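Geometric and topological summary
This is what each chain is made of:
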Amino acid sequence: MGKGGRKQARRSAFHIRVDEEPHAKRRTEMLKKYPEIKKLYRFEPRTKYIAGATVALQLAMAVGTRRWGWLPWLAAIYVVGATANHSLFLAIHELAHNLGAKSVAGNRYIAMMANIPICIAYSVTFKPYHMAHHRNQGTLGVDTDIPSAIEGLLVTGTALNYWDHSARKAVFMFFQIFGYALRPMFTKPDLVPFDKWIATNWAICLTCDALLVAAYGTTPLFYLLLSTFFAGSIHPTAGHFISEHYVMDGTAETYSYYGVLNYLTYNVGYHNEHHDFPAIPWSRLPLVKEIAPEYYDHLPQCSSWPGTILRYIFDDTISPYSRMTKDPSKVTGKEW
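What you see is a predicted model, and the numbers here were worked out from it, not measured in a lab. (Residues numbered from 1 in each chain as written. Predicted model: local features only at pLDDT ≥ 70, side-chain atom pairs only at ≥ 80, totals over all residues. Heavy atoms only, no water.)

When you go through the protein residue by residue, the secondary structure sums to 14 helices and four strands. Here the C-alpha radius of gyration of the protein, 20 Å, is about what a compact globule of 336 residues would show, namely 20 Å. The principal-axis extent of the C-alpha atoms belonging to the protein is close to 60 × 50 × 40 Å. Looking at the protein residue by residue over its 336 residues, the buried ones come to 53%. The long-range share in the protein, meaning contacts at least 24 apart out of those at least 6 apart in sequence, stands at 77%. Summed over all atoms, the accessible surface of the protein reaches about 15900 Å², with 66% contributed by carbon and sulfur. Across the protein, the 34 positively charged side chains and the 26 negatively charged ones have centroids separated by 3 Å. (Helix = DSSP H or I, 4+ residues; strand = E, 2+ residues; numbered from the N terminus. Rg over C-alpha atoms; globule rule 2.2 N^0.38 Å. Buried < 20%, exposed > 50% of the residue type's maximum accessible area, 1.4 Å probe, protein only. Contact = heavy atoms within 4.5 Å. Areas by Shrake-Rupley, 256 points an atom, 1.4 Å probe, with all protein chains shown as cover. Lys, Arg positive; Asp, Glu negative; His and termini not counted. Charge placed at Lys NZ, Arg CZ, Asp CG, Glu CD.)

Shown next, in the form of structure tokens:
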């Protein structure tokens, strides 16, 4: 419902950005006013230790719960496993920005280690797609974070009524990890050619999967695979997939979240700060806001990731089309 109780219309197309995306402009202004922010540009050595401990936790849980009953086993997967694997998603995100080690190769190897409990090799291919998201935020056909036309059609375009629309959005949220995994392959399949790094990523994952099954049977592998599934499904930490860039208030296209779940997710909630300064690691993003609060305090914020999931499902005006895209007339054809 809009102001005065007026019913707002369900969107049938993406929002179109009138101005340039806000992050580059804000970064320039902030560095001019606060040049000390550049001192925050450095890698965070603690990332590898935290990620390593999370990997150890997941492997121990996978093996230790293999004889549990179904209900406690599934509860462990949702509460511990999904949370841990989602944390590893965000560790890989940090490492894609080369923020966990001095060298590019070092970041890749740490990311491959973090990828082990996820079971599906993706840490190497994630990086180029994510860099395209940063460099071309909102550009259709380049930014693979934008829902595809088929997603918009299936979830919203053919919905019969409010309840049908809500049910479709709930199904999308439940299976959203498949959307994020498959969308890049259909949108820009040629962006990441097969190379030795991808081969190494798959070799490590498949070898660890095989060793786990050989030693303990298939149950631990299913623990890890279901942890990965629920990590990207309707899970409190997965709310950031929606909260980060879905237009919820006005025309803002990036939102920050400053709640406690940041402790489990490498401060990914500081998302405006991250897009403004992608060379600053998770541990120092709060300092950006402390140094320059006037640039962030007035922006719309997300107060709850679980609340964002519920709003996405039950607010009829929010859908896959609730994303800001670049004005087609301003696309130069030179996008990375």
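In this section: the UniProt feature "transmembrane region" (unreviewed entry) in the protein. With numbering aligned to this structure, UniProt lists the feature "transmembrane region" (unreviewed entry) at residues 75-96, 108-126 and 198-226. The distance from the first to the last C-alpha atom of residues 75-96 is 31 Å, and the span holds 100% helix and 0% strand. Taken end to end, residues 198-226 is 93% helix and 0% strand, and its two terminal C-alpha atoms sit 23 Å from one another. (UniProt positions renumbered as here; feature names shortened; annotations may be inferred.)

In terms of nonpolar packing, the biggest core is built from 36 residues, with Ala51, Leu88, Phe89, Tyr223, Leu224, Tyr266 and Trp305 touching the most fellow members. Of all the elements in the fold, those that place two or more residues in this core are helix H2 (46-64), helix H3 (70-96), helix H4 (104-115) and helix H10 (219-231). Residue contributions to this core peak at ten residues, all from H3. Apart from the residues within four sequence positions on either side, Trp305 is in contact with Pro236, Thr237, Gly239, His240, Ser243, Tyr257, Leu261, Asn262, Thr265, Val268 and Gly269. (Core = buried A, V, L, I, M, F, W, Y, C linked by side-chain atoms within 4.5 Å.)

What follows covers the packing of aromatic side chains. If you walk through the whole model with that rule in mind, you get 21 aromatic pairs. Here the aromatic rings of Tyr41 and Phe277 are separated by 6.5 Å at their centres, their planes lie at 55°, and the arrangement is tilted. Here Tyr41 is found in the loop between helix H1 (22-33) and H2, whereas its partner Phe277 is found in the loop between helix H12 (271-276) and helix H13 (285-291), with 236 residues between them in sequence. Linked through ring pairs, Tyr78, Phe174, Phe175, Phe178, Phe229 and Phe230 together constitute an aromatic cluster. Here Arg183 stacks its cationic end above the ring of Tyr180, 5.0 Å away from the centre of that ring. (Phe/Tyr/Trp six-rings, centres within 6.5 Å; stacked < 30°, edge-to-face > 60°. Lys NZ or Arg CZ within 6 Å of the ring centre and 35° of its normal.)

So, on to the confidence of the model for the protein. It should be kept in mind that the predicted coordinates are not to be read in detail where pLDDT is low. Here the protein shows a mean pLDDT of 93. Residues at 70 or above account for 95%. In the model, residues 1-6 has pLDDT below 50 throughout and makes four contacts with residues more than four positions away in sequence or in other chains. Contacts of residues 332-336 to residues separated by more than four positions or lying in other chains number eleven contacts, the stretch itself having pLDDT below 50. (pLDDT = per-residue confidence, 0-100.)

The next subject is the pattern of salt bridges. Tallied over the entire structure, the rule returns eleven salt bridges. Taking the shortest distance from any N to any O, the salt bridge between Arg26 and Asp276 comes out at 2.7 Å. Here Arg26, found in helix H1, pairs with Asp276, found in helix H12; they are 250 residues apart in sequence, far enough to count as distant. Note on Arg26: relative accessible area 10%, which makes it buried. For the salt bridge of Asp297 with Lys289, the shortest nitrogen-to-oxygen distance reads 2.9 Å. Accessibility expressed as a relative area gives 19% for Lys289, which makes it buried. When salt bridges that share partners are traced, they join Glu44, Arg46 and Arg284 into one network. (Salt bridge = Lys/Arg side-chain N within 4 Å of Asp/Glu carboxyl O.)

The subject of this paragraph is the side chain of His23. Within the secondary structure, His23 sits in helix H1. On the basis of relative accessible area, His23 is assigned to the buried category, the value being 2%. Setting aside anything within four residues of it in sequence, one finds His23 in contact with Gln137, Thr254, Asn272, His275 and Asp276.

Attention now goes to the environment of Met173. Here Met173 is to be found in helix H7 (residues 162-174). Distance in space between the C-alpha atoms of Met173 and Gly217 is 31 Å, their sequence separation being 44 residues. Met173 has contacts with Gly232, Ser233, Ile234, Ile242, Ile309, Tyr312 and Ile313, leaving out every residue within four places of it along the chain.

Let us look at H10. Here H10 is 13 residues long and its end C-alpha atoms lie 18 Å apart, about the 18 Å a rise of 1.5 Å per residue gives. The inward-facing, buried residues of H10 abut H2, H3, H7, helix H8 (176-187) and helix H9 (196-216). (Expected span 1.5 Å × (residues − 1).)

UniProt annotation of "domain: Sphingolipid delta4-desaturase N-terminal" (unreviewed entry) refers to residues 9-47 when read in the numbering used here. Along residues 9-47 the backbone is 36% helical and 8% strand, and the end-to-end C-alpha distance reaches 44 Å.

Where H3 contacts H4, the two axes come as close as 9 Å, and the packing angle between them is 170°. Compared by their axis directions, H3 and H4 come out roughly antiparallel. Packed against H3, whose contacting residues are Leu88, Ile92 and Leu95, the element H4 presents Asn107, Ile110, Ala111, Ala114 and Asn115 at the interface. Here the residues of the contact of H3 with H4 are counted per class, giving six nonpolar, two polar and no charged. (Axes fitted to C-alpha atoms, helices over the stretch in contact; angles between N-to-C directions. Parallel < 35°, antiparallel > 145°, perpendicular 65-115°, else oblique. Nonpolar A, V, L, I, M, F, W, Y, C, P; charged D, E, K, R; others polar.)

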